[in-house]
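Here's the letter readout for the chains.
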Amino acid sequence: MAASSWIGRPVPRIEDRPLIQGLGRYVSDIQLPNQWTLVLVRSPHAHARIRAVDVTEAQRLPGVFYVATATDDEVFRRPLPGMSPIAPPVLAYERVYYVGQPVVAILAENRYVAEDAADLVKVQYEPLPSVTNVEHALKGDLLLHPELGSNIVDHVSYRRGAGHEALNQADVVVQVTLRMGRVSAQPMEPRGIAAIYHPADDLLTVYHATQSVHRAQERIAEFLGMPTSQVRVIAPDVGGGFGVKNGTYPEEALVTYFARHWGHPVKWTGDRFEEFLGTYQEREQTHHATLGVKKDGTIVALVDTYYQDNGAFPGGGIMVSRNTARNLMGPYRIPHFAIDGYTVLTNKVPQAPYRGAGRPQGHYVIERLLDRAADTLGLDRAEIRLRNLVRPEDLPYDTGIPDLVYDSGNYPEVFRDLLDLVDLPAFRREQAEARQRGVRLGLGLAAYVEISAGFGFEGARLVLSDNGTVTLYTGATNQGQGHRTSLAQILADTLGLGLEDITVVEGDTAGIPRGIGTFGSRTMIMAGNATHMAGERLIEAAKPWAAELLEAHRDDIVFDAGHFFVKGVPSRSVNWRDLTERLKAAGSAPLTGEEYFSSNVATYGFGAHAVIVEIDEATLQLRIQRYLIVHDSGTVVNPLLTNGQVIGGTIQGLGSALWEEMQFNEDGQPLTTSFLDYLLPAAVESPEIEIHHRDYRAPGNPFGFKGVGEAGIIPSQAVILAAVEDAYRDIQLRLDYAPVTPKRLFATVAEGGNRA
Amino acid sequence: MIPMTLTVNGQSYQLTVEPRWLLADVLREQLHLTGTHLGCEHGVCGACTVLWDGRPVRSCLTLAVTADGANILTIEGLAAEGILHPVQEAFWQEHALQCGFCTPGFILTAVHLLQENPEPTREEIREALAGNLCRCTGYQHIVNAVQRAAAALSDNHGHAPSGQ
Ligand code: FES
Ligand code: FES
């Protein structure tokens, strides 16, 4: 490995110059020649039979080209690709299953006209009884999809040791039902997609706000019955993804189908309302959890049975439910457990991974249980954690869940560092003082493991250009993470080039034949290592040419920091520019290097959060006074970017702990469908985040990278609920529902604190 | 269709627009200035912010025809001849953007803030940016950037582009 000079440096991003000048290119900015705009008429009912659809008036409106319903053509009744075991048709046929499900598609000259036409569409619905919560769904009196025979679409189960039986060995058993509300990712750029078909080559080019161009390519090819080679998917600038721009959606099928069928460019850009109605959501689960502990706080057994309110179709929700199980252990030693997770269908928009994707859910449960157990035992909440954290001598620590073996770091030391930074005794004094002023202070603590990657591959393809610069193509995509800079930093070290000599092209299936994409904090681990490997390959490919220039044998050529020379004679060397000159003169094809890094070894970043909340006794107004993170990022490529990920994730997490919740009425009607009702954290309520790094290389991949995209959001609900409870220790406030919104906090305190 | 005159980034345009078209759509689709982004179209996120005679307005809530004769600055007009405005430069240096979708709105709002209040505290900056949403950064680096820009602007007082 070359001496590190770029890796580890807080370099400002290469991608920023166009973005800060308004020169970015997002899907909504793309104007294809004579493009048609797609607008959808969506279901206003959570569950209904479609009696009739009348589109005559809409069809007649000047500027409208085509209005499609499911009865028009078999293609609209085809199931969405990439969703099993049950997928909705592209346009609702006979029945609608959730508010927001697309029913009619309209193509018009622009959005103004298309939306006029949407107003003219008349759909007659016969509302049906709907299932809007897990409790109802489990009764089984109303099956959403009778062909499945049940509303339960998945069951995940893990046992370790004596499982449930082990509770008998505990001195104290705490039992609690913990709930999490539904949240919505809400990237600032809504989803969007545009496509243009070139009949001469039977080639479809798709501009897609997606986190995975290759998966999108496969789905589109499958749906349209085209070879993948004829579908090119490009992710231009993407305005945030957070998981929800990664799945299969009806709009993808519709836009690509129409573009090919009509031979006319078609574009759909969702608006914010659609982002609330039609984009997949997350987090909604109910856990019936039990923790058995010894008198000294040592964990004996964890028993948890939980239900995920998944909405009307699987979406990607099954993965979320399964990943929840894998996160229930947190960073703790749990010798016995029995876990059963059920994914349950209801009449809501589906769940699919949103930043965290099961990690926050699992940690929420174990962290809340530890707080409950400590309170019951009269033990300090910090102390119970120290007694159960995985110790360095336990590593590698097999969690008891298949393929999850914690491998690095020092969990108790990092947790103690956090406690020192908080200065617990000082805080307790301040807490007592503040109380005299009518201000309640509360401290929340939570620890976590951030499990990242652990499956699949990612690739990098390098091309040495004529002027001695290198272009890197990768299937990983970017929704703001800054890979064009961080991957360039890795490659700059490998090849001994400057950042200005490297161009990173992400998110274009024409750039590299295979790829998986960016999600689950995997890109640095997978594409980062692949980039270095591809660099090594490029160096090998260059050696014969260097040998020729140096009039030596290729086996005698060594490469160091951008220079090729004969072993032992570094004074006479050639560089990349010399090589390209030689290649040009020889009329040779450009040198390339392509490598794929595959690994089934996950990475295990870890850390701990502390938050101090300040609550006005009279108004219950809550403010975050301090937020501290001690965090392991593994090998850090660019500290600016790493901190950006951690801070951004933390603030998002505060949203889902304090303000954000998708609310539905008893008929399944969503009530929070604008930024006025669904409150994202803004600048004033967002605290400053103090990050302290304790970075341990990951032993499981060559560079020691770990995921960092989710560290911020994992403990959010756990740590905030803990802090609010601590502020009300005198009335033994118990919070079993996240988020603790102002309204919920008020109601709970008003009731004397015993339930949320 | 209504004829109107609009000055955008110093250039005057004679336009004919439908009365119901939003200023944001006219900028984006008729003038192809797509740096003005639409994040919510209901006045909350601030991504569509432009400066109208120097003051921030939400172009998603503004009917284009009401801007007849107005002088509009969009994000594309902020850098003078390839030289970044100090606020842009500071956003870059401080890593104040990730996906960049919210960024034009934040930058223009910050430009206005620094004209009104050249030395804002962190609290004042947060207050001034309260009408803009960012889902990626958690705001901290944005606040850092505005502070940095304030320092830069006061250092080369009188030389900096005014953002007008
Ligand atoms: S798009 Fe105008 S405020 Fe959100
Ligand atoms: S940088 Fe993505 S929304 Fe602000």
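Remember, predicted model here, so these are calculated numbers, not experimental data. (Residues numbered from 1 in each chain as written. Chains lettered and ligands numbered in written order. Predicted model: local features only at pLDDT ≥ 70, side-chain atom pairs only at ≥ 80, totals over all residues. Heavy atoms only, no water.)

(A) Structural context of helix H2 (residues 86–93) of chain B. Across the eight residues of H2 of chain B, six count as buried, placing the element largely inside the fold. Where H2 of chain B is concerned, the buried positions are Pro86, Val87, Gln88, Ala90, Phe91 and Trp92 of chain B. The secondary structure elements touched by the buried residues of H2 of chain B are helix H1 (16–20) of chain A together with helix H3 (103–116) and helix H5 (140–155) of chain B. Downstream of H2 of chain B by one or two residues, His95 of chain B has phi in the positive range, about 55 degrees. (Buried < 20%, exposed > 50% of the residue type's maximum accessible area, 1.4 Å probe, protein only. Helix = DSSP H or I, 4+ residues; strand = E, 2+ residues; numbered from the N terminus. Contact = heavy atoms within 4.5 Å.)

(B) Structural view of the domain arrangement of chain B. Residues and elements named next belong to chain B. Looking at the assigned domains, one finds that chain B contains domain 1 (2–77) and domain 2 (86–163). Centre-to-centre separation of domain 1 and domain 2, based on C-alpha positions: 21 Å. Between domain 1 and domain 2, the residue contacts involve 18 residues of the former and 15 residues of the latter. When residues of domain 1 are sorted by the area they lose upon contact with domain 2, His37, Leu51 and Ile75 head the list and together hold 37% of the total. One can count zero salt bridges joining domain 1 with domain 2. Inspection of the domain 1/domain 2 interface yields four residue pairs in polar contact (both at pLDDT 80 or more). Those elements that provide at least two residues to the side of domain 1 that touches domain 2 are strand E3 (49–52) and strand E4 (55–58). Looking at the side of domain 1 that touches domain 2 residue by residue, the class counts come to nine nonpolar, seven polar and two charged. (Domains from an automatic or database assignment. Buried area = accessible area lost by both parts, 1.4 Å probe. Salt bridge = Lys/Arg side-chain N within 4 Å of Asp/Glu carboxyl O. Polar contact = N/O pair within 3.5 Å; in protein donor to acceptor, adjacent residues only side chain to side chain. Nonpolar A, V, L, I, M, F, W, Y, C, P; charged D, E, K, R; others polar.)

(C) Spotlight on the pattern of salt bridges. Residues and elements named next belong to chain A. Across all of its chains, the model carries 63 salt bridges over all chains by this definition. Residues Glu284 and Arg182 are paired through a salt bridge, measuring 2.7 Å at the closest nitrogen-oxygen approach. One end of the pair, Glu284, is in the loop between helix H7 (272–277) and strand E13 (285–293); the other, Arg182, is in the loop between strand E8 (172–180) and strand E9 (192–198), and 102 residues separate them in sequence. Accessibility expressed as a relative area gives 16% for Glu284, which makes it buried.

(D) Region of the structure containing the packing of helix H9 (residues 359–377) of chain A against helix H10 (residues 381–388) of chain A. Residue and element names in this part refer to chain A. One way to put it is that H9 packs onto H10 with a least axis distance of 9 Å and a crossing angle of 115 degrees. Note on packing geometry: the crossing formed by H9 with H10 is right-handed. Residues Glu367, Arg368, Leu370, Asp371, Ala373, Ala374 and Asp375 of H9 touch H10, and the partners they reach there are Arg381, Ile384, Arg385 and Asn388. (Axes fitted to C-alpha atoms, helices over the stretch in contact; angles between N-to-C directions. Left-handed = near helix turned anticlockwise from the far one by under 90°.)

(E) Structural context of the domain arrangement of chain A. All names here are of chain A. Along its sequence, chain A is organised into domain 1 (16–22 + 456–598), domain 2 (31–128 + 188–240 + 245–278) and domain 3 (285–454 + 601–750). For domain 1 versus domain 2, the separation of C-alpha centres amounts to 39 Å. With 20 residues of domain 1 at the contact, the number on the domain 2 side is 16 residues. Taken together, the two surfaces of domain 1 and domain 2 that pack against each other cover about 1300 Å², and 48% of this comes from carbon and sulfur. Counting the surface domain 1 buries against domain 2, the share from its top three residues, Gln479, Thr509 and Phe519, is 40%. Its salt-bridge partner being Arg484, residue Asp237 comes within 3.5 Å of it at the nearest N-O pair. Between the two partners, domain 1 and domain 2, sit nine residue pairs in polar contact (both at pLDDT 80 or more). Taken together, the residues of the side of domain 1 that touches domain 2 break down into six nonpolar, ten polar and four charged.

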